[in-house]
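Each chain, written out:
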Amino acid sequence: MAAATRPAYSLFIGGANVPGTKNETRTVPDPSTREPFATVAVGGADDARHALEVADKAFRESNWASDDGARRTKALFRLAGLVEADLEGFAQLETQNQGKTIRESRFDIGFVVRTLEYHAGLADKIEGETIPVPGGRFDYTSVEPLGVTVHIAPWNYPLLLAVRSIAPALAAGNAVILKPASLTPLSSLRFAQLAKSAGIPDGIFNVVVGSGSAVGEALVDDDRCRTVAFTGSGDVGRRIQEIAARRMIPTTLELGGKGPVVVLADADLDRAAKGIGWGIFGNAGQMCWAGSRLLVDESVRAPLLERLVALAQKLKVGPGSSPDAEMGPLVSPEQQESVLGFVTEAKDAGASIVTGGQRYTDGPLSQGNFLPPTIVDGVNATHRIVREEVFGPVLAVQSFRSVEEGISMANETQYGLLASVWTRDLATAHAVARRLESGMVVINDPPTTFPQTPFAGFRGSGLGSEQGRRALEFYTRRKNVMVNVGRLKGPAK
Ligand code: NAD
């Protein structure tokens, strides 16, 4: 797109589009073609501090927090309606910015709408309690918002993962600052315009685009930030946790995964193959909860692999905007390189690439960040491709000879986000689920979640939990109020 006709996006602070103190911009490329199609303002630490000041003032001076929750319920339902009315516009923007297929983007934006509705429904049901105490006393708790909450999002589900934590924070009455990933800020900036139209007061919802080291750290390392909801890589999560520990503020950390998919001998292999395919090739494998390690009973390894290879080779790879594309490009050339690096290293270490594994060398797919669905066999726990998160469309295959061995291989990882089990025997499925060290387990299904179900990682996959009723509690604090009402006198006789 010619430079003059590219849409330009600004930061959103205090209910207004602002250019950022340094007046810096950068171009945003389409991952399918690497051609720039938009420009976006890039903020720095000063913009982060400005947003903190504006949000803190709005929290204290607007009645967003002090009104009863009904007002927030109405505003969030209005916002959900506005996003739904513009679902196609959002989906096209997400696809152009992130690369995912238009079908995936439509699903994501639908999830955003549902998340807003779910938390809209909770905003007027945040209640304290009364607690019986001795003497002439009355005791109650009140549930309060925290103040300014900071939300740092990754690039794989740009708007969905931002709204996952923003919606409960807003429902609870906080003032929110979102820092989207530098690669994918556009849908969040479009969302900000609608937040204003929905009646969310100026300063209660802000978006600051910029690097993690400048904007992200300035937001977290400031007295006005009362909590951080972080979704991203383990290294950055640890860095945020260090700052938060020094500042004594809570965080939720939603980090990476290395999802085991345990297929038992009695599984329905046709269903399993479809579910496994979705779980690793969906969003071009750029999913924290991807089922990237296939652990299959040796007795059904060959027929399952045959089905998976057929599925991988039939999958239509193409630009996300093409209506029949089933898998889009990776988000950036760097991500494409990083994924290929894992595959090459595994091959050099003796693994066999059953299908895929190389970039496209001619035709339109060679112009973008595309990779084919890839299956790597002959790997073991010493290979980096089995131990580390690849974050691309690459399935590593291992097999086991007993359910016991399958469980221990599944748990042989630093991560614990989502694990899958495929079997026709539900009693065994539940027994295996109990022993898997993962925050989420799916039985006979691809990775699946809803706004009302917890999304949580164990061990290296994170701390705390998003989604569901309990997520809202994280954005509140509970105050105990004890009142001495004096000696209670009975009614005069
Ligand atoms: P990343 O950690 O590089 O970046 C995430 C966000 O943190 C970005 O907005 C980035 O700008 C910001 N950031 C970077 N350095 C920072 C710093 N020092 N201080 C503050 N903020 C900083 O992750 P990514 O590459 O954008 O996303 C991919 C990772 O996210 C994968 O590991 C994936 O598994 C994980 N992820 C987890 C979940 C989950 O729910 N568990 C969901 C999606 C993605």
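Residues numbered from 1 in each chain as written. Predicted model: local features only at pLDDT ≥ 70, side-chain atom pairs only at ≥ 80, totals over all residues. Heavy atoms only, no water.

Student: When you look at empty space enclosed by the protein in this model, what are you seeing that I'm missing?
Tutor: If you roll a probe as big as a water molecule over the atoms, it shows you where there is empty space left. Tallied over the full model, the rule gives five cavities of 30 Å³ or more. Estimated volume of the largest cavity: approximately 70 Å³. Residue composition of the lining of the largest cavity, by class: seven nonpolar, four polar and three charged. Elements with a contribution of two residues or more to the lining of the second largest cavity: helix 13 (403–411) and strand 18 (418–422). Its residues assigned to classes, the lining of the second largest cavity comprises seven nonpolar, five polar and four charged. (1 Å grid on protein atoms, 1.4 Å probe; cavity = no way out; pocket = protein on both sides within 12 Å on 5 of 7 lines; lining within 4 Å. Points joined across faces, edges and corners; volume = space filled by probe spheres on them. Nonpolar A, V, L, I, M, F, W, Y, C, P; charged D, E, K, R; others polar. Helix = DSSP H or I, 4+ residues; strand = E, 2+ residues; numbered from the N terminus.)

Student: For this particular structure, what's the right way to read helix 1 (residues 45–61)?
Tutor: Along an α-helix, a turn takes 3.6 residues, which lines up residues three or four apart on a common side. For helix 1, which comprises 17 residues, the first-to-last C-alpha distance of 24 Å matches the rise-based estimate of 24 Å (1.5 Å per residue) to within 8%. Those residues of helix 1 that fall on the buried side of the exposure criterion are Asp47, Ala48, Ala51, Leu52, Val54, Ala55, Asp56, Ala58 and Phe59. (Expected span 1.5 Å × (residues − 1). Buried < 20%, exposed > 50% of the residue type's maximum accessible area, 1.4 Å probe, protein only.)

Student: Looking at this model, I keep getting lost on the domain arrangement of the chain. Mind explaining?
Tutor: Domains assigned within the chain are domain 1 (8–255) and domain 2 (260–443). Centre-to-centre, using C-alpha coordinates, domain 1 lies 32 Å away from domain 2. Counting from both sides, the interface comprises 18 residues of domain 1 and, opposite them, 29 residues of domain 2. Counting across the interface, domain 1 meets domain 2 through zero salt bridges. Summed over the shared surface of domain 1 and domain 2, the number is nine residue pairs in polar contact (both at pLDDT 80 or more). Looking at the side of domain 1 that touches domain 2, the elements with two or more residues in it are helix 3 (87–98) and helix 4 (102–123). Residues of the side of domain 1 that touches domain 2, tallied by class, amount to six nonpolar, eight polar and four charged. (Domains from an automatic or database assignment. Contact = heavy atoms within 4.5 Å. Salt bridge = Lys/Arg side-chain N within 4 Å of Asp/Glu carboxyl O. Polar contact = N/O pair within 3.5 Å; in protein donor to acceptor, adjacent residues only side chain to side chain.)

Student: I tried to follow helix 5 (residues 158–171) on my own but got confused; where do I start?
Tutor: Given a rise of 1.5 Å per residue, 14 residues ought to cover 20 Å, and the 20 Å separating the end C-alpha atoms of helix 5 matches this to within 8%. At Arg164, helix 5 shows its maximal bend, which comes to roughly 30°, and the proline Pro168 appears one to four places after that position. Burial analysis of helix 5 places 14 of its 14 residues in the buried class, which makes it a mostly covered element. Of the residues one or two after helix 5, Gly173 is the one with positive phi, at around 100°. (Bend = angle between axes of the 7 residues up to and from the residue.)

Student: Can you help me understand the site of the ligand in this one?
Tutor: Near the ligand you find 27 residues, and of these Ala153, Glu217, Ser233, Leu255 and Glu389 are the closest. For the ligand, an oxygen atom lies 2.9 Å from a polar atom in the side chain of Trp155. Between the ligand and the protein, one listed contact pairs an oxygen atom with a side-chain N or O atom of Ser233 at 2.6 Å. Compared with its free state, where it exposes 850 Å², the ligand has 88% of that area covered by protein. (Near = heavy atom within 4 Å. Areas by Shrake-Rupley, 256 points an atom, 1.4 Å probe, with all protein chains shown as cover.)

Student: Mind showing me how you'd approach the sheet that holds strand 4 (residues 24–29) here?
Tutor: Strand pairing in a sheet takes place through backbone hydrogen bonds and is either antiparallel or parallel in direction. If you trace the three strands from one edge of the open sheet to the other, you get 1-5-4, paired in mixed fashion. In this open sheet, the two strands that pair with only one neighbour each are strand 1 (8–9) and strand 4. Pairing analysis gives six bridges linking strand 4 to strand 5 (residues 36–42), with the strands arranged antiparallel. Residue pairing for strand 5: Pro29 is matched across the bridge by Pro36. Its contacts with the sheet place helix 6 (residues 186–197) against strand 1, strand 4 and strand 5, and it is angled at close to 65° to strand 5. (Pairing = 2+ DSSP bridges. Axes fitted to C-alpha atoms, helices over the stretch in contact; angles between N-to-C directions.)

Student: Explain the packing of helix 4 against helix 5 here, please?
Tutor: The packing of two helices is summarised by the inter-axis angle and the distance between the axes. Where helix 4 contacts helix 5, the axes come no closer than 9 Å and their chain directions differ by 10°. Comparing their axes, helix 5 and helix 4 come out roughly parallel. Touching Asp108, Ile109, Phe111, Val112, Thr115, Leu116, His119 and Ala123 of helix 4 are Leu159, Leu160, Val163, Arg164, Ala167, Pro168 and Ala171, all from helix 5. In terms of residue class, the contact of helix 4 with helix 5 is built from 11 nonpolar, two polar and two charged. (Parallel < 35°, antiparallel > 145°, perpendicular 65-115°, else oblique.)

Student: Sorry, what's going on with the packing of aromatic side chains here?
Tutor: How two aromatic rings sit relative to each other is given by the distance of their centres and the angle of their planes. This model, assessed by the stated rule, comprises six aromatic pairs. Where Phe107 meets Phe111, the ring centres are 6.2 Å apart and the plane angle is 40°; that geometry is what we call tilted. Separated by four residues within a single helix, Phe107 and Phe111 lie in helix 4, roughly one turn from each other. Residue classification places Phe111 among the buried residues on the basis of a relative accessible area of 8%. Both rings, one in Phe474 and one in Tyr475, keep their centres 5.0 Å apart while their planes meet at 90°; by these two values the pair is edge-to-face. (Phe/Tyr/Trp six-rings, centres within 6.5 Å; stacked < 30°, edge-to-face > 60°.)

Student: Looking at this structure, I do not really get the environment of Tyr9. What am I missing?
Tutor: Mapped onto the elements of the fold, Tyr9 is located in strand 1. With a relative accessible area of 17%, Tyr9 lands in the buried category. Along the sequence, Tyr9 and Asp124 sit 115 residues apart, while their C-alpha atoms lie 34 Å from each other. Sequence-distant contacts of Tyr9, that is, excluding residues within four places in its chain, are made with Ala38, Thr39, Val40, Ala41, Leu93, Leu186 and Leu189.

Student: In this structure, what is going on with the side chain of Ser420? I would like to understand it.
Tutor: On the secondary structure map, Ser420 appears in strand 18. Classification of Ser420 by relative accessible area gives buried; the value is 4%. Leaving out residues up to four positions away in the same chain, Ser420 has contacts with Pro260, Val261, Val262 and Val442.

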